[in-house]
Amino acid sequence: MKEKISGADALLQSLICEGVYLVFGYPGGSIIPVYDRLYDYQDQIKHVLVRHEQGATHAAQGYARVTGRPGVVIVTSGPAATNVITGLSDALMDSTPLVVITGQVATPFLGFDAFQETDVVGITQPITKWSYQIRRPEDVAPAVARAFYIASTGRPGPVVLDFAKDAQVGLTEFNYKKCDYIRSYIPYPEIDDTDLQRAANIINASERPMILSGHGVMIANAEKELAEFAEKGDIPVAATLLGLSTMPSSHRLYKGMLGMHGNIGPNINTNRADAIIAIGMRFDDRITGNVKTYAPNAKIIHIDIDSSEFDKNIATTATVHGDAREVLKKLIPLIEPKKRTEWLGTFEQPEKVELEKVIEPAIHPTGERMTMGEVVNRVSEATGHNAIVVTDVGQNQMLSARYFKYTEPRSILTSGGLGTMGFGLPAAIGAKMGAPDR
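Calculation rules
- Residues numbered from 1 in each chain as written.
- Predicted model: local features only at pLDDT ≥ 70, side-chain atom pairs only at ≥ 80, totals over all residues.
- Heavy atoms only, no water.
- Axes fitted to C-alpha atoms, helices over the stretch in contact; angles between N-to-C directions.
- Helix = DSSP H or I, 4+ residues; strand = E, 2+ residues; numbered from the N terminus.
- Parallel < 35°, antiparallel > 145°, perpendicular 65-115°, else oblique.
- Contact = heavy atoms within 4.5 Å.
- Nonpolar A, V, L, I, M, F, W, Y, C, P; charged D, E, K, R; others polar.
- Core = buried A, V, L, I, M, F, W, Y, C linked by side-chain atoms within 4.5 Å.
- Buried < 20%, exposed > 50% of the residue type's maximum accessible area, 1.4 Å probe, protein only.
- Patch = residues over 30% accessible without salt bridge, like charges linked within 9 Å, V, L, I, M, F, W, Y side chains within 5 Å.
- Areas by Shrake-Rupley, 256 points an atom, 1.4 Å probe, with all protein chains shown as cover.
- Salt bridge = Lys/Arg side-chain N within 4 Å of Asp/Glu carboxyl O.

## As for the packing of helix α3 (residues 53–67) against helix α5 (residues 85–93)
Two numbers describe how α3 lies on α5: the axes approach to 7 Å, and their chain directions differ by 25 degrees. Looking at the two axes, α3 sits roughly parallel to α5. Contacts between α3 and α5 involve Gln54, Thr57, His58 and Gln61 from the first element and Thr86, Gly87, Asp90 and Ala91 from the second. Split by residue class, the contact of α3 with α5 holds one nonpolar, six polar and one charged.

Set out below in structure tokens:
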């Protein structure tokens, strides 16, 4: 018979089995059994004490976004659990894998408005991929395994494990088995060959195609495939805010950022394009503007791992459901090599105007006062364009996106979908811990 351990020990050992070596958190009464046991795991798990639970989620997001691994948060119940709501919403909007563990009152007190009790599962279900309450110590290991599988596969996102206090102190045998299957959850769908061929036919017949590179390219680690795909078809590439750095800024086919704060060329040519190939992006309103007048001359091809995005905002001509990297691998052989010199040349005039009228005055001002664009450009130059830039929200965010140069993937960390003020500092701390050399 195996020696029994506490539910708190089972949690920490489960995290170690998932390769976790860093957690962000803040202790409190309903999670104290876990923190008491954490002392014995200091050589294996580093705990970063934050000053507010929302900061813990943003730090975990920073770590997750630069490493591609789930960020882990441990907090207590009640107000601590409600303080992570903003971070969970942000992570869901930006497809960031998080595992957030909240303390909860003991099961006999559930539903009686006990001190610092809140309905964490009910509150967080709309803003997570999965939310589950652990009421027995024997459920800890399978819950953690399932949480990491759900958070990190398919379209990544946050999960919550609400950990009742009596389940933390109760005893159980420990046997950890990683999760690799959940009935009815299919994170990586089989790619349909007919859909691939339909998309390839549209691209091959087009004269003025344009690729819109989104966050899904980065999540899928498909930067190499994106470049190969674009180069074979001689297709210009524009990026969403979270798609920045999926192609180096210096690449001849990279034409800048899309949308209301983006570059002139790709925005003007959205209206001229006869084919739009959207990869891992959701046609956010900041990209499309009025959806009724968006890309009026283009056939829309949408590639995404989340089929719920298809036709949600923009009507498509063709869709390919699957992981961006795997789709591009299969699509590249179907694309005909072609030179689109005339089409690429149409980006030159708007780029020239923007450089003269907007960019140069911003990064090389004639007056004595610094401009935001100048500061961002100088920081980019000082770091050899190799650093990770972390922004808060507002003008600093947009100017950082516009005037920072990118040579490596996963080089911008920003709150895109939710636009969370206060994101920058904790996210930068998490990013530094995830990628200390950058």
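Alright, that's what it looks like, and here's the rest.
## A short note on the side chain of Glu374
Locating Glu374 in the fold gives a position in helix α17 (residues 372–382). Every residue in contact with Glu374, bar those within four places of it in the chain, is listed here: Ala362, Ile363, Pro365 and Arg369.

## Focus: the nonpolar core
By size, the foremost hydrophobic cluster in this structure holds 49 residues, and its most contacted members are Ile211, Phe229, Leu244, Ile277, Ile279 and Leu331. If one sorts the elements of this core by residue count, helix α9 (residues 193–205) sits on top with five residues. Once residues lying within four places of it in the same chain are set aside, the contact partners of Ile211 are Leu226, Phe229, Ala230, Ile235, Pro236, Val237, Ala238, Ile277 and Ile279. One finds Tyr41, Ile101, Ile150 and Tyr176 within the second-largest nonpolar core, a separate group that totals 38 residues.

## What about a nonpolar patch on the surface?
Taken together, the side chains of Ile264, Ile268 and Val353 present a nonpolar region at the surface, about 190 Å² in accessible area. Here Val353 is to be found in helix α16 (residues 348–363).

## Some details on helix α1 (residues 7–17)
Residues spaced three or four apart along an α-helix face the same direction, because each turn holds 3.6 residues. For α1, a buried count of eight out of 11 residues is recorded, marking the element as mostly surrounded by other parts of the structure. Here α1 has its buried residues at Gly7, Ala8, Asp9, Ala10, Leu11, Leu12, Ser14 and Leu15. Once α1 finishes, Gly19 follows within two positions and takes phi at roughly 80 degrees, a positive value.

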